[in-house]
Structures are given as structure tokens and as C-alpha cells.
Amino acid sequence: FKTTEQVVIEGVNVAKRHQKNKRTRSQGQIIEKSMPIHISNVALVDPSTKKPTRIGSRVETVTKNGVTKTVRVRIAKKSGKDI
């Protein structure tokens with residue numbers, strides 16, 4: 001959700017919600033629902049240690065077909081490996 005800066009991740013922040021019966025013949029039920037959490041509480045996983053890490057960037061020069069370009073590469077802060 002862009003306006004509230006929240007995300008929904010399956011299996012995280014699960015809440016139980018009671019649902020009334022919609023027709024006279026069906027029963028009410030309890031539904032488990034994934035609720036949104038703020039985006040600042042979400043972290044990417046480091047590829048080598050499998051633990052949460054911060055993200056940084058590194059500038060590299062890449063030559064492809066005789067053309068040199070500068071490219072920003074995302075890296076994990078803990079291990080320094082590319083993501």
C-alpha cells in the first residue's frame with residue numbers, strides 16, 4: 001500500500017478474524033488473515049548468511065559490445081555480495 005507505506009507478507013503478522021454467516025443456512029467462521037506491517041520493518045535476506053541485512057550500492061563500469069557504461073549494483077552490507 002503506497003499511501004500508508006505498508007506491505008502484506010504471507011505468514012507474517014497473522015490475525016484471526018470472525019466472520020458472520022452471510023446466509024441463513026451457512027455458519028460463521030474464524031478466518032486467519034495476513035495483516036499489513038510497515039515497510040521499515042521489512043529487510044532483505046543476505047544470500048550467503050540467510051539472515052536479514054541492509055542494502056548498499058556499488059558503482060561498476062561494464063563494457064558490453066564496445067560500449068562502456070557505469071552501472072549501480074545492489075550489495076548486502078553484511079557480506080558484501082551482490083543481490
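Structure first, text after, so check above.
Anyway, here's the lowdown on the structure attached to this text. (Residues numbered from 1 in each chain as written. Predicted model: local features only at pLDDT ≥ 70, side-chain atom pairs only at ≥ 80, totals over all residues. Heavy atoms only, no water.)

1. Observations concerning the overall build of the protein chain
This is how the line gets drawn: Secondary structure elements are taken from DSSP: a helix is a run of H or I of four residues or more, a strand is a run of E of two residues or more, and numbering for both begins at the N terminus. Our radius of gyration looks at C-alpha atoms and nothing else; its globule reference is 2.2 Å times the residue count to the power 0.38. Residue contacts follow a heavy-atom distance rule, with two residues in contact if any of their heavy atoms lie within 4.5 Å. Each accessible area is a Shrake-Rupley result for a 1.4 Å probe, and residues are judged covered by the shown protein chains and nothing else. By the counting rule applied here, Lys and Arg register as positive and Asp and Glu as negative, while His and the ends of each chain are not counted. To locate a charge, the coordinates of NZ of Lys, CZ of Arg, CG of Asp or CD of Glu are taken.
A count of helices and strands for the protein chain gives 0 helices and 8 strands. Its helices and strands in sequence order give the protein chain the pattern β-β-β-β-β-β-β-β, from N to C terminus. For the protein chain, whose C-alpha radius of gyration is 22 Å, the value lies well above the compact-globule estimate of 12 Å for 83 residues. For the protein chain, the spread of C-alpha atoms along the principal axes amounts to about 70 × 30 × 20 Å. Of the contacts made within the protein chain by residues no fewer than 6 positions apart, 31% connect residues no fewer than 24 positions apart. In the structure as shown, the protein chain presents an accessible area of about 7600 Å², 50% of it carried by carbon and sulfur atoms. Charge centroids of the protein chain, computed over 19 positive and 6 negative side chains, lie 7 Å from each other.

2. A closer look at unusual backbone geometry
Basically, it comes down to this: Classification of residues uses two cut-offs on accessible area relative to the type maximum, computed with a 1.4 Å probe and protein chains only: under 20% is buried, over 50% is exposed, and between them is partly exposed.
Of note, the phi angle at glutamate 5 is positive, near 55°, even though the residue is not glycine. Residue position: glutamate 5 is located in the segment before β1 (6–7). Look at glutamate 5 and you get partly exposed, because its relative accessible area is 47%. At asparagine 65, a residue that is not glycine, the phi angle is positive and equals roughly 55°. With respect to the helices and strands, asparagine 65 occurs in the loop between β7 (55–64) and β8 (67–76).

3. Here's the deal with the pattern of salt bridges
Condition: One speaks of a salt bridge when a side-chain nitrogen belonging to Lys or Arg is within 4 Å of a carboxyl oxygen belonging to Asp or Glu.
Counted under the stated rule, the structure contains 2 salt bridges. For glutamate 60, the salt bridge is made with arginine 58, and the minimal N-O distance between the two is 3.1 Å. For glutamate 60, a relative accessible area of 29% translates into the label partly exposed. For aspartate 82, the salt bridge is made with arginine 58, and the minimal N-O distance between the two is 2.6 Å.

All we've got here are geometric facts, nothing functional implied.
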